[in-house]
Each structure stands twice: as structure tokens, then as C-alpha cells.
Amino acid sequence: MDSANSRPFTVLVEGNIGSGKTTFLEHFRQFEDITLLTEPVEEWRNLKGWNLLDLMYRDPSKWAMTFQAYVSLTMLEMHRRPTRTPVKLMERSIFSAKYCFVEQMKRLGTLHPAQFAVLDEWFTFINTEIPVEADLIVYLKTTPSIVYDRIKKRARSEEQCVPLTYIEELHKLHEDWLINRSHADCPAPVLVLDADLDLSQITEEYKKSEHQILRKAV
Ligand code: DGT
């Protein structure tokens, strides 16, 4: 733990849909003293029997606001979840929800400007009033066409309608946020990994982040 305030060294794992965030987290399961918080997709797929992810993809104009409100809540819960280990790895964050997904929905017109304004107020309140600190962002950088093929192969039913252009735009939003630093607040330094590599080579790439995450010479 950080001796000053007893909070864990917190790493946010970010990257486009299908960039391998879950695989990256699984790589760190071999180490002790790390808490792994995978994204609550299953909660989004089953809230009291409702599949909000599916509703959002089927009828975005109607359900985007509801979906994003629930994403914000589940992400905030992960940011705030008490952790007994000195290191915490989190898949995504309220930041990518805001800077990538909500921004995309605003640009596409899926979110009405009034809905966007409400989400924006929530984000500003959370970001200024509730501690959601991060110490490092691992950006799993990918080429849109490569992750598009992976998404098709993994065939998560809700995602079958996602076009390549959607993935390309999401890629640009990740790049704007994490590489071009177009938002005033990027909560932590960014480590960029090449996540285009296939499974046979990716472990070597993941290893490049071990010393920064475990904070020891490995
Ligand atoms: P991975 O392990 O890199 O393959 O990660 P994925 O693709 O399982 O996880 P992620 O977060 O990239 O995407 C999960 C699904 O949820 C995907 O269909 C996009 C969607 N999603 C995630 N976060 C948000 C969000 O804040 N807003 C919207 N609209 N969709 C989101």
C-alpha cells in the first residue's frame, strides 16, 4: 500500500473493444498481492434480468442514456472498492466511459445534447468530489481492422451489429485521450503496448509492463 494514504497502486487498463484487456488482466493472475477487477460486462448484460448492453446496441437512441448511467455506477463502484493488496488492476474506468463512449454517442447523435449534459454534470461531480485516483494507465494500442476481426470471431451476440467505422471512431477517441492528450485531465502516466500481436507473441509484450505494475525489477 501507499504508506501515505493506504491506497493501492492503481492501474487502469484501456484500449479499444477487443484489444485484449481481459487477457492482459489474466496475465497478472500469476502474481500475488494484486487485485484484478475485470469490467462488469456481465452486470450490464443482466440487471434484474435486463440485458442493458443488448438494449443499447439494438436501440441506441432509446437506451444509450440508461446504459451509460449504469456503466458510470458500476465503474465508480470498481474505483471505490476497498482493496487489501498493494496493487489494483482495473479494466477500463469512468474516464474511458466519458472520453470515448459517451463522446462517441454525442458525436453520433445517439445521446441528445440534454442527455449528454446530464452525464457531463455527473462526470464532473464524480471527478472533482469523489477520489478516483490512478497511478498508471496501460494503453493496449491496436489497429481497428485487427480488433474488428477479433470481435467478429468471438461473436459476442450483442456486438454483431457493430460496424468497422464505429471501431475506427472509438480508436481515434482513445488516441485523442491517451496519445494526443486532448483532454485537460489524463489521470496518470500512459504506458503504450502493442496489442495487435497475436496470442503466441503477446505474453512478451505484456511482460514489458510488469516492472512498472509490480514496481520491482523483474
Ligand atoms: P477486451 O478484453 O479488450 O476484448 O475487452 P472487451 O471488448 O470485452 O471490453 P470493452 O470494455 O472494450 O467492451 C465491452 C462492451 O461494452 C463493448 O461492446 C463495448 C461496450 N462498452 C464498454 N464500455 C462502454 C461504455 O462506457 N459505453 C458504451 N456504449 N459501451 C461500452
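The structure we're discussing is the one just above.
First, a word on what this report is: a plain description of the structure on this page. (Residues numbered from 1 in each chain as written. Predicted model: local features only at pLDDT ≥ 70, side-chain atom pairs only at ≥ 80, totals over all residues. Heavy atoms only, no water.)

**Brief notes about the overall build of the protein chain**
Inference 1: A tally of regular secondary structure across the protein chain gives ten helices and five strands.
Inference 2: If one aligns the C-alpha atoms of the protein chain with their principal axes, the spans along those axes are about 50 × 40 × 35 Å.
Inference 3: Counting only residues that meet the buried cut, the protein chain has 48% of its 218 residues in that class.
Inference 4: Taking all contacts inside the protein chain whose residues are at least 6 apart in sequence as the whole, residues at least 24 apart take part in 74%.
Inference 5: Carbon and sulfur atoms make up 53% of the accessible area of the protein chain, which totals about 11100 Å². (Helix = DSSP H or I, 4+ residues; strand = E, 2+ residues; numbered from the N terminus. Buried < 20%, exposed > 50% of the residue type's maximum accessible area, 1.4 Å probe, protein only. Contact = heavy atoms within 4.5 Å. Areas by Shrake-Rupley, 256 points an atom, 1.4 Å probe, with all protein chains shown as cover.)

**What to know about the site of the ligand**
Inference 1: Around the ligand lies a shell of 23 residues, among which Glu39, Tyr57, Gln68, Arg92 and Glu159 are the nearest.
Inference 2: With respect to the ligand, the backbone of glycine 18 contributes an N or O atom lying 3.0 Å from an oxygen atom.
Inference 3: Take arginine 92: an N or O atom from its side chain is 2.5 Å from an oxygen atom of the ligand.
Inference 4: Out of a free accessible area of 610 Å², the ligand has 97% covered by protein chains.
Inference 5: Counting atoms within 2 Å of the grid points, the majority share of the ligand lands in the largest pocket.
Inference 6: Contributions of two or more residues to the shell around the ligand are made by helix H1 (21–27), helix H3 (52–58), helix H4 (60–80) and helix H5 (94–108).
Inference 7: By residue class, the composition of the shell around the ligand is ten nonpolar, six polar and seven charged. (Near = heavy atom within 4 Å. Polar contact = N/O pair within 3.5 Å; in protein donor to acceptor, adjacent residues only side chain to side chain. 1 Å grid on protein atoms, 1.4 Å probe; cavity = no way out; pocket = protein on both sides within 12 Å on 5 of 7 lines; lining within 4 Å. Sits in = over half its atoms within 2 Å of the grid points. Nonpolar A, V, L, I, M, F, W, Y, C, P; charged D, E, K, R; others polar.)

**Considerations on the environment of tryptophan 50**
Inference 1: Tracing the chain through its elements places tryptophan 50 in the loop between helix H2 (41–45) and H3.
Inference 2: On the accessibility criterion, tryptophan 50 (58% relative accessible area) is exposed.
Inference 3: Considered as a pair, tryptophan 50 and leucine 119 are 69 residues apart in the sequence and their alpha carbons are 21 Å apart.
Inference 4: Residue contacts for tryptophan 50: discarding those within four places in its chain leaves Trp44 and Arg45.

**A word on a nonpolar patch on the surface**
Inference 1: A contiguous nonpolar patch, built from Val118, Trp122 and Phe125 and spanning about 340 Å² of accessible area, is present on the exposed surface.
Inference 2: Assessed through its relative accessible area of 55%, tryptophan 122 is described here as exposed. (Patch = residues over 30% accessible without salt bridge, like charges linked within 9 Å, V, L, I, M, F, W, Y side chains within 5 Å. Salt bridge = Lys/Arg side-chain N within 4 Å of Asp/Glu carboxyl O.)

**Topic: helix H7 (residues 144–154)**
Inference 1: Along H7, the positions that sit buried rather than exposed are Pro144, Val147 and Ile151. Looking down the long axis of H7, one finds its buried residues gathered within 70° of arc, a one-sided arrangement.
Inference 2: In the core, the buried residues of H7 are packed alongside helix H8 (164–178).
Inference 3: Alanine 155 sits one or two positions beyond H7 and adopts a positive phi of about 55°. (Arc of directions from axis to C-beta.)

**Description of the packing of aromatic side chains**
Inference 1: Counted by the stated rule, this structure contains seven aromatic pairs.
Inference 2: On the basis of an interplanar angle of 50° and a centroid distance of 5.1 Å, the ring pair of phenylalanine 24 and phenylalanine 28 is categorised as tilted.
Inference 3: The exposure class of phenylalanine 28 is buried, given its relative accessible area of 0%.
Inference 4: Clustering of aromatic rings is evident, with ring pairs tying together Phe24, Phe28, Phe31 and Tyr206.
Inference 5: Its guanidinium or amino end placed over the ring of phenylalanine 116, lysine 106 lies 4.7 Å from that ring's centre, counting from NZ or CZ. (Phe/Tyr/Trp six-rings, centres within 6.5 Å; stacked < 30°, edge-to-face > 60°. Lys NZ or Arg CZ within 6 Å of the ring centre and 35° of its normal.)

**Observations regarding the pattern of salt bridges**
Inference 1: Under the definition given, this model contains 18 salt bridges.
Inference 2: Residue glutamate 39 is joined to arginine 92 by a salt bridge in which the shortest nitrogen-to-oxygen separation is 3.5 Å. Taken together, the positions of glutamate 39 in the loop between strand S2 (34–37) and H2 and arginine 92 in the loop between strand S3 (87–91) and H5 put the pair 53 residues apart, joining distant regions of the chain.
Inference 3: By relative accessible area, which is 4% here, arginine 92 ends up buried.

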